Amino acid sequence: MVNGTIRKLIPRLLVGGAVMASTLAFAQDKAPVVFGFVTPTTTSWGADVMKGVNLAVKQMNAAGGVQGRPIKLVVYDDMNKPEEGVAAFERLIVRDKAKMLMGSFTSAVSMAEQSVTERYKRLHIVSFAQADSVRDASHPLAFFLNATVGMNLSKYLEYVGTQIKPKRVVVLADSTDYGQSSIDAIRKTWTKPSDPQVIGVERFEPTQSDLSPQITKIKSEKPDAVFIAANSGEAVSNVLTQLHEL
């Protein structure tokens, strides 16, 4: 689903963002329009995303690029680390002369990258980050493809509370801003006596392979439901597998 979304959205963003860049910064020559993309490319998820991005750029260039100018895609791997994302955005702006930048996956990295695009006054498409704090750190040239965690969870939490109706819930959230935003949304939404009662919150690192300490503790609390809050499909798969095994 993510890959399909990228395939649909990147061409539109390239048209709007690159046309803006060419209007502001380029003469009517045929120099490439530099589009910078930063994401954790070495993950399986990042590799899938790059297939969509590369296809979109290929299709755009085959159709004549932007006002007859080819799109030059420059990609860096931020390794899901804020310092790497900042360094990549600096390189894209200073060395590669990118006028439009896109990234990244996690909220912490995206917030750090926004500090760079704000300083250089560059167009920044925040591609996937959903933590509410990402919007708080935004600047006038930052645009977002996703709703925030709070927006996404509002109706879902209402449905869980009124239709599924678990009485005792443990939240198992990753240690990212996404996980914290999920915890905040749950606590903000489930406030009435009739709402599910959160009897425990466990946190884990996104790269943590063995979650037996957290899951063993969850099992001892005997909840009706476990609410998993993780911003990685790989992490969710790992959690579900270990919950089943234990």
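First, a word on scope: everything that follows refers to the structure included in this document. Bear in mind the structure is a predicted one, so any value in this text is a computation, not a measurement.

Cut-offs applied
- Residues numbered from 1 in each chain as written.
- Predicted model: local features only at pLDDT ≥ 70, side-chain atom pairs only at ≥ 80, totals over all residues.
- Heavy atoms only, no water.
- Pairing = 2+ DSSP bridges.
- Helix = DSSP H or I, 4+ residues; strand = E, 2+ residues; numbered from the N terminus.
- Axes fitted to C-alpha atoms, helices over the stretch in contact; angles between N-to-C directions.
- Contact = heavy atoms within 4.5 Å.
- Polar contact = N/O pair within 3.5 Å; in protein donor to acceptor, adjacent residues only side chain to side chain.
- Phe/Tyr/Trp six-rings, centres within 6.5 Å; stacked < 30°, edge-to-face > 60°.
- Buried < 20%, exposed > 50% of the residue type's maximum accessible area, 1.4 Å probe, protein only.
- Salt bridge = Lys/Arg side-chain N within 4 Å of Asp/Glu carboxyl O.
- Parallel < 35°, antiparallel > 145°, perpendicular 65-115°, else oblique.
- Left-handed = near helix turned anticlockwise from the far one by under 90°.
- Nonpolar A, V, L, I, M, F, W, Y, C, P; charged D, E, K, R; others polar.
- Core = buried A, V, L, I, M, F, W, Y, C linked by side-chain atoms within 4.5 Å.

### Structural notes on the sheet that holds strand E8 (residues 225-229)
Pairing is parallel in the open sheet, where three strands are placed in the order E7-E6-E8. Whereas interior strands pair on both sides, the edge strands pair on one side only; in this sheet they are strand E7 (197-204) and E8. If you compare each strand with its neighbour and ignore which way they point, the axes differ by 20° on average. Bridge count for strand E6 (residues 168-174) against E8 is five bridges, and the pairing is parallel. The partner of Ala173 across the bridge, within E8, is Ala229. Helix H9 (residues 233-245) contacts E6, E7 and E8 of the sheet and is inclined by roughly 160° relative to E8.

### Overview of the environment of Glu113
Relative to the assigned elements, Glu113 resides in helix H4 (residues 107-120). When the C-alpha positions of Glu113 and Glu90 are compared, they lie 8.8 Å apart, and in sequence the two are 23 residues distant. Discounting chain neighbours no more than four positions away, the residues touching Glu113 are Val38, Asp78, Gly85, Val86, Phe89, Gly103, Ser104 and His124. In terms of polar contacts, Glu113 uses its side chain to reach the backbone amide nitrogen of Ser104, at 3.3 Å.

### Details of the packing of aromatic side chains
Two numbers describe a pair of aromatic rings. These are the distance of the centres and the angle of the planes. Taken as a whole, this structure holds five aromatic pairs when the rule is applied. Considering the side-chain rings of Phe105 and Phe128, the 6.5 Å spacing of their centres and the 70° angle between planes classify their relative orientation as edge-to-face. A residue pair is termed long-range when its members are at least 10 positions apart, and Phe105 in the loop between strand E3 (100-102) and H4 and Phe128 in the loop between strand E4 (123-126) and helix H5 (132-136) qualify at 23 residues. The class of Phe105 is buried, set by a relative accessible area of 14%. Accessibility expressed as a relative area gives 11% for Phe128, which makes it buried. Chaining the aromatic ring pairs together yields one cluster made of Trp45, Phe105 and Phe128.

### Quick notes on the pattern of salt bridges
Applying the stated criterion to the full structure yields six salt bridges. Salt-bridge contacts for Lys155 lead to Glu158; the nearest nitrogen and oxygen are separated by 3.6 Å. One end of the pair is Lys155 and the other is Glu158, both in helix H6 (residues 149-164) and three residues apart, which spans about a single turn. Judged by its relative accessible area of 60%, Lys155 is exposed. For Glu158, a relative accessible area of 41% translates into the label partly exposed.

### Here we look at the packing of H6 against helix H7 (residues 177-189)
Packed helices, taken two at a time, are described by their axes: the angle between them and the distance between them. Where H6 contacts H7, the two axes come as close as 9 Å, and the packing angle between them is 45°. In terms of orientation, H6 lies oblique with respect to H7. Taken as a pair, H6 and H7 cross one another with a handedness that is right-handed. On H7, the residues touching Val149, Gly150, Leu153 and Leu157 of H6 are Tyr178, Ser181, Ser182, Ala185, Ile186 and Thr189. Along the lines of polarity and charge, the residues of the contact of H6 with H7 split into six nonpolar, four polar and no charged.

### So, the sheet that holds E4
A sheet is described by the order of its strands in space; here five strands give the open sequence E2-E1-E3-E4-E5, paired in parallel fashion. If you trace the sheet from one side to the other, it starts and ends with strand E2 (71-77) and strand E5 (142-144), each paired once. Strand-to-strand, the axes of this sheet are offset by a mean angle of 20°, without reference to chain direction. Judged from the seven bridges that link them, strand E1 (residues 33-39) and E2 form a sheet pairing that is parallel. Across the sheet, Val33 pairs through a bridge with Ile71, a residue of E2. Against the sheet, helix H2 (residues 44-62) engages E1 and E2, with an angle of about 170° to E2.

### Overview of the nonpolar core
One finds Phe35, Phe37 and Ile71 to be the most contacted residues of the largest nonpolar core, which totals 16 residues. Mapped by element, the contributors of at least two residues to this core are E1, H2, E3 and E4. If you look at the next biggest cluster of nonpolar residues, it comprises 14 residues, including Val149, Val160, Tyr178 and Ile186.

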